[in-house]
4 protein chains.
Amino acid sequence: MALATLFNQPTFNHRIGLLGNDKLQEECGVFGIFGHVDSAVHTALGLHALQHRGQEATGIVSYDGEEFRAHRAVGLVGDVFSQPDVMRRLKGQAAIGHNRYPTTGEPMLRNVQPLYADLGFGGLAIAHNGNLTNALSLRRELTHHGSIFQSTTDTEVIIHLMATGHGGVTDRLIKAARSLYGGYALVALTKDTLYGMRDPYGVRPLILGKLDQSYILASETCALDIIGADYIRDVEPGEIIFIGQDGMDSVHPFPPIPSKPCLFEYIYFARPDSMMGGKSIYETRVNMGRELARECGVPADVVCPVPDSGTPAAIGYAEQANISFDLGIIRNHYVGRTFIEPSDEIRHLGVRLKHNANRGPLSGQRVVLVDDSIVRGTTATKIVQMVREAGAREVHMRIASPPIKYPDYYGIDTPSHQELLAANHSVDEMERYIGVDSLGFISLDGLYRALGAKKRNDQEPQYTDHYFTGDYPIPLIDLTQGGPSAQLSFLKETG
Amino acid sequence: MALATLFNQPTFNHRIGLLGNDKLQEECGVFGIFGHVDSAVHTALGLHALQHRGQEATGIVSYDGEEFRAHRAVGLVGDVFSQPDVMRRLKGQAAIGHNRYPTTGEPMLRNVQPLYADLGFGGLAIAHNGNLTNALSLRRELTHHGSIFQSTTDTEVIIHLMATGHGGVTDRLIKAARSLYGGYALVALTKDTLYGMRDPYGVRPLILGKLDQSYILASETCALDIIGADYIRDVEPGEIIFIGQDGMDSVHPFPPIPSKPCLFEYIYFARPDSMMGGKSIYETRVNMGRELARECGVPADVVCPVPDSGTPAAIGYAEQANISFDLGIIRNHYVGRTFIEPSDEIRHLGVRLKHNANRGPLSGQRVVLVDDSIVRGTTATKIVQMVREAGAREVHMRIASPPIKYPDYYGIDTPSHQELLAANHSVDEMERYIGVDSLGFISLDGLYRALGAKKRNDQEPQYTDHYFTGDYPIPLIDLTQGGPSAQLSFLKETG
Amino acid sequence: MALATLFNQPTFNHRIGLLGNDKLQEECGVFGIFGHVDSAVHTALGLHALQHRGQEATGIVSYDGEEFRAHRAVGLVGDVFSQPDVMRRLKGQAAIGHNRYPTTGEPMLRNVQPLYADLGFGGLAIAHNGNLTNALSLRRELTHHGSIFQSTTDTEVIIHLMATGHGGVTDRLIKAARSLYGGYALVALTKDTLYGMRDPYGVRPLILGKLDQSYILASETCALDIIGADYIRDVEPGEIIFIGQDGMDSVHPFPPIPSKPCLFEYIYFARPDSMMGGKSIYETRVNMGRELARECGVPADVVCPVPDSGTPAAIGYAEQANISFDLGIIRNHYVGRTFIEPSDEIRHLGVRLKHNANRGPLSGQRVVLVDDSIVRGTTATKIVQMVREAGAREVHMRIASPPIKYPDYYGIDTPSHQELLAANHSVDEMERYIGVDSLGFISLDGLYRALGAKKRNDQEPQYTDHYFTGDYPIPLIDLTQGGPSAQLSFLKETG
Amino acid sequence: MALATLFNQPTFNHRIGLLGNDKLQEECGVFGIFGHVDSAVHTALGLHALQHRGQEATGIVSYDGEEFRAHRAVGLVGDVFSQPDVMRRLKGQAAIGHNRYPTTGEPMLRNVQPLYADLGFGGLAIAHNGNLTNALSLRRELTHHGSIFQSTTDTEVIIHLMATGHGGVTDRLIKAARSLYGGYALVALTKDTLYGMRDPYGVRPLILGKLDQSYILASETCALDIIGADYIRDVEPGEIIFIGQDGMDSVHPFPPIPSKPCLFEYIYFARPDSMMGGKSIYETRVNMGRELARECGVPADVVCPVPDSGTPAAIGYAEQANISFDLGIIRNHYVGRTFIEPSDEIRHLGVRLKHNANRGPLSGQRVVLVDDSIVRGTTATKIVQMVREAGAREVHMRIASPPIKYPDYYGIDTPSHQELLAANHSVDEMERYIGVDSLGFISLDGLYRALGAKKRNDQEPQYTDHYFTGDYPIPLIDLTQGGPSAQLSFLKETG
């Protein structure tokens, strides 16, 4: 979703910032199933399990043997697909679905995936997670040759590449894939085949499962659990999977290269109950907490997570440090995406919409707060202040990832370089800014250890860790070729 | 709107039939203005005056010097554009707009015009009235070469032809026009130019007006009256008009051929207060009534229109026959597009939603009912029954157009051949079916006389009158090339 | 609806004024049916036929033998009751319904009738047309004794009077009626009885009809025609009708007094195809036109109605004067209740949203415009200007009612005294204000003649004609007892 | 909310049951503030903090010195009050608000609080939490004397009692209070005073706070934290508080009796970060876990909470038992109130919408699951099955409340006696039904100890514990006086 990322960032930040949302944003979740009589219902359930990967909008396209059927809308999965008759009309034994993260602005509904197009060979639906680093360059070229874009999504770039290609669907998909740079995972559906594909570096995740005789593709294993399906394996980096009446097949059209999965899936994005790359997300996060305690422990009375994302690491830290674990901060889960426009005098209350200090376990104590990451530092600052007002004697903060110094371009919506606290401040400066008695980050090697490695392989890192190191394995093509919007005419649509 | 016409007819008929809507349906109204500070407001007012040409949906695209802005929605002009902030956001000194007639089915919102696309040269918005007879053939060919269609409108065919063309906008428009067959009028807007174009036969209308320094294009002159603009002239058949900062210019890229405006604009579609082809619509309809009285007068006590479309002809008939004119049928103007699903026992009440007999002037009288046309005959049958129940002694019906025997393919939504009463019945049979004491139609020559001609020029008719004669001046390409939907994959979308 | 009238007038005028609505507003239509398996469907059809009496909101309450069921909403009858499942759920063999005219402000939805209450004896639903002149005084007294009001309607006053009464429903209704002053007609439904009642002067209309074995009550006979029911008789002034399993019965609890039906029902409110007081509304209006021609004819070439309300009188005038009748003004029926907020420069276009001059029959002619009434004179002024701009040589205006000099308080929403043109200007002054070559009004006696009387009986007028004469037959109690809102606390509710 | 409870229970259970909601339901949250320029904004924030006490609907009434203003709607606080202009229109320096729990059926919107009425002395708004045990009896009597009810809420009973009373507001409130039986807390607003009141036993909570010069009333202290206000004290059982321009005052109109706060506020309803009766809710729950471990510990490898309500007790249990604490069950917080209607074959997936087993910490382990309570046992059964499927070697369940054997009638929506698992089964039977290796409940005395008492005072229990003991301190009047709906006529309203 490169284009949306590039164009909409400032507005997006402005809107979400209000809510104290100070996290990186995963971009999307995808799901596909082939050969099941209840394909759309299972897709909706799978998307519900993947809701954490995108809450803005959701959609399903099914194929009933004669027609493609779609329902796509802004809203949560449980709301969108519980409208009367919606599921009944999404007939068919194959379906794909998509959850979308909150971007901003007018083109919203047209951007809700899966996208669908009637191509020369028939209908094609695609749902995509990730970001192309050359989406804009490809779009410019396609438009120049007569392609008309309806959305600002990277997904549509892929569809147009396939539309203007030749031969069968698979040939067109392989040929299109050869033009793409970036981190992505996609599912696609034609009349007779469900496709799945993961970028050559395997930056974005995609897994394969099975329910009775039906194959399933999904961003995470928690989408298998919810429907009682079995996990088979991760889709391999650069692999294209085909699922049809005769079962599953796959090709590897790219030359083999060392994979580079995204570390932030392990640190924050994936659900703790998912397995990824053969590892339990929960266990790796508990390990990060243990590493943290070993690397930068501090004498304290109580360890408290910043909920919910800091909880597993806090459990690991408390256990390793043998300090009592308590809920010192309570999270209000009813926070929607919007709230009251505050007058100036109450703007400072913003963060309290989501978190409140729990006086009981904090009062008079030396507190270690554990969180997964620091992005802008605004939330951390306010939470520390709340914890102090609740009577904490000392406040120490420990972070289960290294300082984030560089933006992502492979599918994570990151603030700009100026807004990333660690990009512009030393740890000492951050400590003062946030107002803690001490601040500690896990080391890069510590993080790799938590994931089961001895240490980072500096020659060929086992994961992409560009947000910490600036080491981008995939070229940032659009970024190095000048401003994006100069030659594009966008329609501002209301209503 | 060929595709919609071909695909959706049965459902459409079913839905509208319930309401006793037994009229041909004009397809659309268009409006464009260049160089006025209130361009969108004037467009909305113009579209309101053209509301009779399409009540399903409406849209405006404006250009504010930097961005194209759009608002398109299902609903009446007065409702859609009175939503808060809508007009304020449609900034800019140039705008085009469109009213859409009621079709059916899911793809509705995507079909609301004006359509917009970002082409190689920049943004382009088009609004189109009429029907291409080779839309499907062109669509198939474009899809084969990689174009992706989002709607089922003919308008999108034109946009893709321009997108895949070469050179400047004008060259692309001329080249695209050379591929088109059918009856159509369109307005288009780029960053610097407002375009207007009418098909080479001039089947569909388009007029040129001026308000202060701003040029205006519209389907009918009543759209000029509402904003106090002056009428300049009709756009000529086959003419392409360009309006920019430097004023107006035009080209005639087609070889000159005898024009063939649509007779039904004069009989039924156009508003009575519009001027078309230099004639007052109202006066020509009064003339039709006079011709009717001359050709097939009958002794009677009172002349009553079937309101509202039969009123001018009834006035002409009453005056010519020197019989008292009275409102024997009262129309309920609050009928919306939908109503209660009737149980079987009250289904026969359907037509009464729209019309009621007015006992006063009918009771004991010999009544002449005057209407503009007979399509299926269902409404006529029910009205005659109501008039008899109200006590009329004799009921005679006189129709201000010849029997409709053939479907239209140039922009009018006609029932199929089987449903056209006159296609399958003699006048005697129709008389019995409708239940009148006598039934008379204006003759073809009488109709031409009402329009100011001596008679129809059978070698080269002055108008297209294929619905009466089967004489189609423009080839029906899609129709002669087999079923349309075989190779197209449509998406059924809900919500 | 006294309270709404008193409180909301200025806003109301402001809103509607924009649309060039320069008519008096009838307040409501009512309908009831007992003993029919399709009672709610027939009620919806009847309300549709009465749509001209109120377009803001509509509602039906039915009783299915066990429960009262309701559906009430803002919108037109055809829209509100065509929502899925609505009719299916309004089960039962008895129902009442109501159409509401556009008032303004927040308390809208709570004011939508029929109102329902669970009283000591069981459920009661009431729908009411008209205005009590002592609603506020009664409300104050009831509130003082503990009644809690939910709406600002007069109807709720009646319900509370019944709630705090004693004995059976009929006794309570009679006792309540004895407290009421004003012009009103109401229908009410309990578990076993449909009630109908008309005020002692018969100011507001109510008629009785029958469909098979089912009795029907309705504001006008056109509501019988639409369902094919027979007209029995008008409900008598001061009569209370009871309809139950054992048929119909009625009482006259008031001492007999000379009736005073509202003249404006005949002049403007009722549909032309209705019968009222034994007279055809259409014929009485044609008669008014004939009287006008006799009383104040003028040499001319063409007679044109101001559509639609002036049409019958224009037909009568043209016939009597033997001048050609033509449609010189075309009305756009698509005008909704709201439209674009105009900038100052286009505000003068307002009236053109609804009317346009038809150049053909006007150009170069001496034109007589016929309308039913003049309220503020704003519409007349603008129409005359349009007619002159369309080329009329002379413009004469003839009005089928005497000058309106006094506000109504019996159920018509009238502008204040200052806004009534005739209240503050002589006919000569009005002639100049409107810009006509001559202006003529029917005389009061001429109006009575058109209704079949010899002349007005000045001792005891046959109708209430207070808007012309200031002669109010029913005391204006609230008005003479000071400002209404002083002691009432209203809730301003949004959303 | 007695009436709703009595009438709607079966439907309610059916709907919620699907979601695996197997918890008791707290009925409402209330908030009031006097003397603050941003009173409505602070009320909205306070209601947001109280969102866990009711998610169905919410409303605010403010008084701006001249008018009462209201906004009430179905939805979450953050959604309802973030609609444009809503907060801007809720002007004034005093406001009250209410959160409503999900009931069912048609009368929903009319039941949204605060309720408002124009009484003899002026406007009155009331918001109420709890349940009257004689609501129906009072309603019957009030209706008999002429009161008309618009809702089915207990709150309206209180308003009618005040409306039909005499004297000043305070006198009326005291007199009304003397008629009421049940557990309740209410806030009320007149033109000059904010009232707060708690039932004589103090069953439902209400606390007093202060922000600068403004007094605040709220159901819990977390509503003070969110706006940075200070906690002053709990409102006393039976106390009526008045807050006006001159500050705060209070009366105790009832004879003093031993208080009986609801134990379930401590066990489940209140937010863990609230203080109640001088105790930290979080700490009391951790204590319950410690008691559990002491009373019925079992050898195990890991302690896992059933999130989120079991978490504090699980922390206490793990600490006391010195067993590792881990997140063995992951909760999906995106579950809305509705979801896909499942076909039979996937109905068993229901509970997975909300919870998923986390294989990592469970596989091969002896697991202790800790939850706050067992109601029907359906959720527990499914969670145990999930935990076993995730590889747990042994599964033991420990519950931080005694077995629930009796329904509540003081403001908690409890399933019927037949549906309460513990009402009909021994602990052994429950163990087998749920499928655990062992099942243990805290003892009644253990629960009292966790709250700081030595043990339950059996002569005069310190809390009301009727759900465990059947010992109801307040008489259940309606229940002992026969079926409720016999004499009430309810309106079924759609749309």
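The present account deals with the structure reproduced in this document. Remember, predicted model here, so these are calculated numbers, not experimental data.

Now for the nonpolar core. Ranked by internal contacts, the top residues of the largest apolar core, which has 95 residues, are Leu 263 and Phe 264 of chain A together with Leu 263 and Phe 264 of chain D. Phe 264 of chain B together with Tyr 266, Leu 292 and Phe 468 of chain C belong to the second largest nonpolar core, which has 94 residues in total.

The next thing to look at is the interface of chain C and chain B. In this assembly, 57 residues from chain C lie in contact with 57 residues from chain B. Linking chain C with chain B are 0 salt bridges, by the criterion used here. If you look at where chain C meets chain B, you find 15 residue pairs in polar contact (both at pLDDT 80 or more). Breaking the side of chain C that touches chain B down by element, the ones donating at least two residues are helix H2 (39–49), helix H3 (77–80), helix H9 (222–225), helix H11 (281–296), helix H12 (311–321), strand S18 (324–325), strand S20 (355–357) and helix H13 (359–362) of chain C. Looking at the side of chain C that touches chain B element by element, the count peaks at 6 residues for H2 of chain C. Looking at the side of chain C that touches chain B, its residues break down into 28 nonpolar, 18 polar and 11 charged.

Overall, the coordinates contain 50 aromatic pairs over all chains when judged by the stated rule. Ring centres 6.0 Å apart and planes at 45° place the aromatic pair Phe 264 of chain C and Phe 269 of chain C in the tilted group. Of the residues examined, Phe 264 of chain C reaches a relative accessible area of 0% and is grouped as buried. With a centroid separation of 5.1 Å and an interplanar angle of 70°, the aromatic rings of Tyr 467 of chain D and Phe 468 of chain D are classed as edge-to-face. Considered together, Tyr 467 of chain D and Phe 468 of chain D belong to a single accessibility category, that of buried residues.

Looking now at the interface of chain D and chain A. At the interface, 57 residues of chain D touch 57 residues of chain A. Summing both partners gives a buried area of about 4,600 Å² for chain D against chain A, and 63% of it is carried by carbon and sulfur. Counting the contacts that link chain D with chain A gives 0 salt bridges. Scanning the region where chain D abuts chain A turns up 15 residue pairs in polar contact (both at pLDDT 80 or more). Where the side of chain D that touches chain A is concerned, the elements lending two or more residues are helix H2 (39–49), helix H3 (77–80), helix H9 (222–225), helix H11 (281–296), helix H12 (311–321), strand S18 (324–325), strand S20 (355–357) and helix H13 (359–362) of chain D. Take the side of chain D that touches chain A: its biggest share by element is 6 residues, from H2 of chain D. Split into classes, the residues belonging to the side of chain D that touches chain A amount to 28 nonpolar, 18 polar and 11 charged.

Residue and element names in this part refer to chain B. Ordered in space as S18-S17-S21-S22-S24, the 5 strands form an open sheet in which the pairing is parallel. Edge positions in the sheet fall to strand S18 (324–325) and strand S24 (438–441), since each of these pairs with one other strand and no more. Here strand S17 (residues 302–305) runs beside S18; their pairing, made up of 2 bridges, is parallel. In the strand pairing of S18, Val 303 is matched with Phe 325. Its contacts with the sheet place helix H14 (residues 378–389) against strand S21 (366–371) and strand S22 (394–399), and it is angled at close to 150° to S22. Set on the sheet, helix H16 (residues 427–434) makes contact with S22 and S24; between it and S24 the angle comes to about 130°.

This part takes up the relation of the copies chain D and chain A. Of the transformation superimposing chain D on chain A, the axial component is 0.0 Å and the angular component is 180°, with the fit at an RMSD of 0.0 Å. Taken together, the turn and the small shift mark the pair as related by a two-fold rotation axis. For chain D, the residue whose C-alpha comes nearest the rotation axis is His 333 of chain D, separated from it by 3.4 Å. A high fraction, 100%, of the interface residues of chain D reappear at the interface in chain A, so the copies pair face to face through one surface.

Once that is clear, we can look at helix H7 (residues 154–163) of chain B. Because each turn of an α-helix spans 3.6 residues, side chains separated by three or four positions end up pointing in the same direction. Counted residue by residue, H7 of chain B has 10 buried out of 10 residues, so it is predominantly covered. Taken together, the buried positions of H7 of chain B are Asp 154, Thr 155, Glu 156, Val 157, Ile 158, Ile 159, His 160, Leu 161, Met 162 and Ala 163 of chain B.

Another aspect to go through is the sheet that holds strand S22 (residues 394–399) of chain D. Residue and element names in this part refer to chain D. The 5 strands are arranged S18-S17-S21-S22-S24 in an open sheet whose pairing can be described as parallel. Each edge of the sheet is formed by a strand with only one pairing partner; in this case those strands are S18 and strand S24 (438–441). Lying over the sheet, helix H16 (residues 427–434) contacts S22 and S24, oriented at roughly 130° with respect to S24.

Moving on to the relation of the copies chain C and chain B. Superposing chain C onto chain B requires a rotation of 180° together with a translation of 0.0 Å along the rotation axis, leaving an RMSD of 0.0 Å. Counting the interface residues of chain C, we find that 100% of their copies in chain B are interface residues as well, pointing to one common contact surface.

A pair can form between side chains of opposite charge whenever their charged atoms are brought close. Considering all chains together, one arrives at 92 salt bridges over all chains under this definition. Between Glu 239 of chain C and Arg 233 of chain C there is a salt bridge whose closest N-O contact spans 2.7 Å. Between Arg 233 of chain D and Glu 236 of chain D there is a salt bridge, and its shortest N-O distance comes to 4.0 Å. A residue is classified by how much of its surface remains accessible, and Glu 236 of chain D, at 37% relative accessible area, is partly exposed.

Scoring rules and cut-offs
- Chains are numbered independently. Their residues run from 1 in the order of the written sequence.
- Ligands are numbered from 1 and chains lettered from A, in the order in which they are written.
- Reporting of local features is limited, given that this is a predicted model, to residues whose pLDDT is at least 70; pairs of side-chain atoms are given and counted only at 80 or more, and all residues count toward the totals for whole chains, interfaces and linings.
- Processing note: side-chain calculations cover all non-hydrogen atoms of the structure and skip hydrogens and water entirely.
- We call a set of buried Ala, Val, Leu, Ile, Met, Phe, Trp, Tyr and Cys residues a nonpolar core when their side-chain atoms join them within 4.5 Å.
- Each residue is placed in one exposure class: buried if its accessible area under a 1.4 Å probe, protein chains only, is under 20% of its type's maximum, exposed if it is over 50%, and partly exposed if it falls in between.
- It only takes one pair of heavy atoms within 4.5 Å for two residues to be counted as in contact.
- One side-chain nitrogen of Lys or Arg within 4 Å of one carboxyl oxygen of Asp or Glu is enough to make a salt bridge.
- Here a polar contact is taken to be a pair of N or O atoms separated by no more than 3.5 Å, where protein atoms must pair a possible hydrogen donor with a possible acceptor and residues adjacent in sequence count only if both atoms sit in side chains.
- Think of it this way: any DSSP run of H or I at least four residues long counts as a helix, any run of E at least two long counts as a strand, and we number them from the N terminus.
- Residue polarity is assigned by list, with Asp, Glu, Lys and Arg as charged and Ala, Val, Leu, Ile, Met, Phe, Trp, Tyr, Cys and Pro as nonpolar; anything else, Gly included, falls into the polar class.
- For Phe, Tyr and Trp, where Trp contributes only its six-membered ring, two rings pair if their centres lie within 6.5 Å, and the inter-plane angle classes them as stacked under 30 degrees, edge-to-face over 60, or tilted in between.
- What counts as buried area is the accessible surface, traced by a 1.4 Å probe, that two parts surrender upon association, with contributions from both included.
- Here the rule is simple: two strands pair whenever DSSP picks up at least two bridges between them.
- Orientation is described by lines fitted to C-alpha atoms, with helices fitted over the stretch in contact, and by angles between N-to-C directions that extend from 0 to 180 degrees.
- To line up the copies, we fit them by least squares on C-alpha atoms, keeping just the residues with pLDDT of at least 70 in both.

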